Structures are given as C-alpha cells and as structure tokens.
Amino acid sequence: MSTVKVFRLAYVDFYAKNVESMVDYYTNVMGYRMTEEKEGVSYLSNGLDHHNIVITPAKEKAVRSYGYQLDGRLSLEEVQEHLSFKGITSNIEAHSKPGISKVLKLQDPAGNTLELFTEMDQTAGGFGTSGIIPLKLGHVAFCARNFNETIQFYQNVLGFAFTDQIGAGFANFLTCNTDHHVINIVASEQTFLHHIAFQLKDASHQYESSDLLAKHGRAVLWGPSRHTAGHNIATYHYDPEKNVVELYTDMDVFIEELGIFEPRPWHEVLPQKPKVWEALSAWGTQFEVDLAKI
Ligand SMILES: [Fe+2]
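If you're wondering where the values come from, they're calculated on a predicted model, not measured in any experiment. (Residues numbered from 1 in each chain as written. Predicted model: local features only at pLDDT ≥ 70, side-chain atom pairs only at ≥ 80, totals over all residues. Heavy atoms only, no water.)

Undergrad: Sorry if this is basic, but what is going on with the sheet that holds strand 2 (residues 33-38) here?
TA: Strands in a sheet are paired, the pairing made by backbone hydrogen bonds, and the direction either parallel or antiparallel. Taking strand neighbours across the sheet as the criterion, the eight strands line up as 2-3-5-1-6-9-8-7 in an open arrangement whose pairing is mixed. The open sheet is flanked by strand 2 and strand 7 (91-97), the only strands paired with a single partner. The average angle at which neighbouring strand axes cross in this sheet is 30 degrees, direction not considered. Bridging between strand 6 (residues 62-70) and strand 9 (residues 113-117) involves four bridges; their strand directions are parallel. Across the sheet, the residue bridging to Gln-69 is Phe-117, located in strand 9. Helix 2 (residues 76-85) rests against strand 6, strand 7, strand 8 (100-107) and strand 9 of the sheet, and its axis sits at about 5 degrees to strand 8. (Pairing = 2+ DSSP bridges. Helix = DSSP H or I, 4+ residues; strand = E, 2+ residues; numbered from the N terminus. Axes fitted to C-alpha atoms, helices over the stretch in contact; angles between N-to-C directions. Contact = heavy atoms within 4.5 Å.)

Next up, the structure:
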C-alpha cells in the first residue's frame, strides 16, 4: 500500500508589506522571472515551474504557505483519506492558485499552512539572464511551536527522514529527497520563518553572488562558512522585508538506503551518518548577527 510521500519543496508564498520591492528583489537580484500576476499576487519562476516564489500583498510580512509536491502515487483524495485516518483535517481546493489545478491544504502542528499537490504547470521562459539565478529553492528553516510534534508530523505523515540535529532541542534537519535537508525546524515559542535557502552552482557562483549582493546594497550577514550539519557553504542576507535568505553550495547528499551521506573529503568521519552536532560552523566562524533572534 502506498504511503503519503512528499518529494520536494516547490514554492514559498510570502505575505509582503511592500510587494514592489520584493518583486524587484526576486527579479533583479535573485534573477527570477515573473510568470504571472493575478489579483495583485505575483508568481515568480526559477526555470521550469510556474512558480517557486509567490508574493502576496499583506499588512504584515509572514509566510502564507509552503508548497510541497507529492510523488503522485496517491491522488489528492487518497492523501486526504490517509490524513483524516491520522486525525488531520485538510481541504482540497481547485484553482486556488494559477499553475496548479488542485491543492490539498492543511496545517502542520506548528501552525504553518501547507499546500500539497501532484502537478504544476511548466513554463517555457527558462532561467533568468541576469542576477544571481540559483539552481533551485532548496530548503526552509522555521522556528516552530509544538517542536516535537511538528518533527513527528513531517516524518510520520509526509514521509520525511531525519538527517541531523544541532544541540539537544535547537534544530532538527529533515529531508524528503537526497538533499541533506529540505526543512530545518528550530524549537521556539512562536512559529515563523527563520530563513529561506537557495542552491548555487559552486564556490565561484557563491562569491559572484556576494559581489552582486554588494552591488545591490545587500550586506552579507554571515559567512561564507561551512556548516557542520549538511556541510553546505553558506552566506546569509536579508531580502527587502528582512526575511533571511541563505545562498549555499556543496550540501551533503543523503543516501537513505545506506543511512549515510555521500563521502566528501571535508567530512569529519567516514562514513558520515546522521548525528547530533554541537557547533554550527565546521570552520569555527562565529555569527556576528544572531539569526535566531531576528
Ligand atoms: Fe539553511
């Protein structure tokens, strides 16, 4: 019998106070392409998908929803049945967003709104031609109330696997594919986005992106540094609404069948297995800005 299995984070839908500056940032700095604007909501793509970033006007900044794609072995109606068996309420909505004909909407135990879908329209426009142009939207980190329950939810309901942890209850890293993490959950009293992360091609793309950020007056808040959990080389900066944005490369590749990460020369031990880390940076780089307190 098939189980519910999410396999990628497809989009993040932001509530934004200043839509114009967010769209300007995602097009001119990040190199995304606007595919559609409908009822004041902007849809931006990084290559093939109808959208990977959505900007919705609002009075306060927040995340409106996270869009996850399901493997399609179960219809949305069957997924809904599985969820309801586990006591989780969800709604199927038709055409609530352009580019996706049907989504299954629900809340995780932290209170985030999730939109699960099996198919999204593809666009012909391709990648942007100027700006950073990341390879993809890679992961989100969010502070979560109901921390343990939320971790259980992603593992037991949506099919995520545990990959790493930092500290006793600080951060848990979970994946739904071969990337070290697709979500990073941080224990908190309140639920909010900690950062959104985009994958770059390589180290030269990493420093090129810092040059470009500097040109647009966006300071790098931390990094580049190699993380312990995930081993990604990362920098962080703010978007115009002060959401923290991570740009990274070199993230660990998880081989779920073996329960290890693909060996890399910079790994501390071989085989590198999921574990609890104490430090955040493999290089000892200190944060000058406490990203957990933004
Ligand atoms: Fe991250």
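Undergrad: Any chance you could explain the sheet that holds strand 15 (residues 192-199) here in plain terms?
TA: A sheet is described by the order of its strands in space; here nine strands give the open sequence 16-17-18-15-11-14-13-12-21, paired in mixed fashion. Lying at the two open borders of the sheet, with one neighbouring strand each, are strand 16 (222-226) and strand 21 (276-277). Relative to the sheet, helix 4 (residues 203-215) contacts strand 17 (233-238) and strand 18 (244-249), its axis offset from that of strand 18 by approximately 150 degrees.

Undergrad: Just checking my understanding: could you explain the pairing of strand 6 for this structure?
TA: In the case of a regular strand, side chains alternate between the two sheet surfaces. The pairing of strand 1 (residues 6-16) with strand 6 spans eight bridges and is antiparallel. Within the sheet, the bridge partner assigned to Tyr-15 lies in strand 6 and is Ala-62.

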